[in-house]
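Structure at a glance
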Amino acid sequence: MDSEDVSPFGYDAFRRSCPSHAVLETLASKWVYLVICALRPGRLRNGELARKLEGITPKMLTQTLRILERDGLVRREVFPVVPPRVEYELTELGQNLAGLLNQIRAWSEQHVPDIKNARARAAEQQEDLSA
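Please read these numbers as outputs of a predicted model, since none were measured by experiment. (Residues numbered from 1 in each chain as written. Predicted model: local features only at pLDDT ≥ 70, side-chain atom pairs only at ≥ 80, totals over all residues. Heavy atoms only, no water.)

1. A word on the pairing of strand E3 (residues 85–90)
If a strand is regular, its side chains alternate between the two faces of the sheet. Convention followed: When accessible area is computed with a 1.4 Å probe and restricted to protein chains, residues below 20% of their type maximum are described as buried, those above 50% as exposed, and intermediate ones as partly exposed. Strands are runs of DSSP state E lasting at least 2 residues, helices are runs of H or I lasting at least 4, and numbering of each runs from the N terminus. A pair of strands is labelled paired if DSSP reports no fewer than 2 bridges between them.
Within E3, 5 of the 6 residues are buried, leaving the element largely enclosed by the surrounding structure. One ladder, built from 2 bridges, connects strand E1 (residues 44–45) with E3; its direction is antiparallel. Looking across to E3, one finds that Arg 45 is bridged to Glu 87. Of the pairings in the sheet, the one linking strand E2 (residues 74–79) to E3 comprises 6 bridges and is antiparallel in character. Within E3, the position partnered with Val 74 by the bridge is Leu 90.

Structure below.
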């Protein structure tokens, strides 16, 4: 195994039994990813998040926020007003992760044309093989 594969923290994501698999599984969710990026600039209410994240269902937004709160990435604050107001913000750990995810988001937006072209070429090759 390469020395770069060995974590200084004693975890090895390439091992099936490694607890980091659960972390990676959470991070692989597009909604987890997008909620974290949406909260990077600052606090948002549930409705603001729902409007920002086109296509997310209320149920999925609630589930995602609960997962992120459980994992210590998001802080939820309830204000004692009628009707109750709830705001979400990233914790320090969440902000740390958001920086990395924002770089990946910027990379994906920059390379959309490259990926689309590669997919078109692959589809053409598949059609040629099918013909």
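2. Remarks on the packing of aromatic side chains
To be explicit about the condition: When the centres of two rings from Phe, Tyr and Trp lie within 6.5 Å, Trp using its six-membered ring, the rings pair. Their planes under 30 degrees apart give stacked, over 60 give edge-to-face, and anything left gives tilted. Whether a charge lies above a ring is judged from NZ of Lys or CZ of Arg, which has to be within 6 Å of the ring centre and within 35 degrees of the ring normal.
This model, assessed by the stated rule, comprises 0 aromatic pairs. The ring of Phe 79 is capped by Arg 85, whose NZ or CZ atom sits 3.9 Å from the centre of that ring.

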